[in-house]
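Given next are the chains, with one letter for each unit.
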Amino acid sequence: MGAGEGEAAGSGGGGGGGGVARTSLDGLRDKNVMQLKKLNTALFPVRYNDKYYQDAIASKDFSKLGTKLLNHVFDLCAKQNIPEIYLHVQTNNDDAIAFYKKFGFEITETIYQYYKNITPPDCHVLTKFIGQAATKK
């Protein structure tokens, strides 16, 4: 979780036909670590123990959290002989694309009209080959 604010278009469920919902991101602290745990549980197939979260709080260096998570996924893939990883990124999300490219992901496909409720609705598929698959590529 990082610092900053963003806006997300909301589809009003009931009153007023939609609007803009304000979203803010906060630094990780004891007060909100349970929210991060719930997000990780919902989003990732990997379960992190309490020490992982306590180390993240103690480090105060949250900019490296995504890097640590990604490296952990790479390690798991290598151990389980998973040859490639792919993910979807919205085509205008230049920061995410640059982040993943730093780790060897490449844009391998563009899917048009992938997203239903956001603009642009298109995504890139970014792929990274792991272990022996990377050398055969």
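### Examining the sheet that holds strand β3 (residues 84-90)
- Strand order in the open sheet formed by three strands is β3-β5-β4, and the pairing between neighbours is antiparallel. Edge positions in the sheet fall to β3 and β4 (106-111), since each has one partner strand and no second. On average, each strand axis in the sheet is tilted by 25 degrees relative to the strand beside it, whichever way the strands run.
- Here β4 runs beside strand β5 (residues 123-129); their pairing, made up of five bridges, is antiparallel. The residue of β5 that forms the bridge with Glu106 is Thr127.

### Brief notes about the pattern of salt bridges
- Taken as a whole and assessed by the stated rule, the structure comprises one salt bridge.
- Measuring nitrogen to oxygen at the nearest pair gives 2.7 Å for the salt bridge that ties Asp50 to Lys37. You can see Asp50 sitting in helix α2 (residues 50-59) and its partner Lys37 sitting in helix α1 (residues 33-43), a full 13 residues away along the chain.

### A short note on α2
- Within α2, the full set of buried residues consists of Tyr52, Tyr53, Ala56 and Ile57. Angular distribution of buried residues about the axis of α2 spans 135 degrees; they occupy a single face of the element. Exposed side chains of α2 directed beyond 90 degrees from the buried face belong to Lys51 and Ala58.

### Some words on helix α3 (residues 65-79)
- Between its first and last C-alpha atoms α3 spans 21 Å; for 15 residues at 1.5 Å apiece the expected length is 21 Å, and the two agree.
- Just downstream of α3 lies Asn81, where phi reads positive at about 55 degrees.

### Overview of the nonpolar core
- By size, the foremost hydrophobic cluster in this structure holds 12 residues: Leu70, Phe74, Cys77, Ile85, Leu87, Val89, Ala96, Ile97, Phe103, Phe105, Leu126 and Ile130.
- Those elements giving two or more residues to this core turn out to be α3, β3 and α4 (94-102).
- Setting aside residues no more than four positions away along its own chain, Val89 makes contact with Ala96, Ile97, Tyr100, Tyr115, Asp122, Cys123, His124 and Leu126.
- Among the nonpolar cores identified, the runner-up in size contains nine residues, and Leu36, Tyr48, Tyr52 and Tyr53 belong to it.

### Examining the confidence of the model for the chain
- Mean pLDDT over the chain works out to 74, with 69% of the residues at or above the 70 mark.
- Averaged pLDDT values for the elements of the chain fall to 29 in strand β1 (residues 4-10) and rise to 97 in β4.
- Counting interchain partners and residues more than four positions distant, the pLDDT-below-50 stretch residues 1-25 has 31 contacts.

Calculation criteria
Residues numbered from 1 in each chain as written. Predicted model: local features only at pLDDT ≥ 70, side-chain atom pairs only at ≥ 80, totals over all residues. Heavy atoms only, no water. Pairing = 2+ DSSP bridges. Helix = DSSP H or I, 4+ residues; strand = E, 2+ residues; numbered from the N terminus. Axes fitted to C-alpha atoms, helices over the stretch in contact; angles between N-to-C directions. Salt bridge = Lys/Arg side-chain N within 4 Å of Asp/Glu carboxyl O. Buried < 20%, exposed > 50% of the residue type's maximum accessible area, 1.4 Å probe, protein only. Arc of directions from axis to C-beta. Expected span 1.5 Å × (residues − 1). Core = buried A, V, L, I, M, F, W, Y, C linked by side-chain atoms within 4.5 Å. Contact = heavy atoms within 4.5 Å. pLDDT = per-residue confidence, 0-100.

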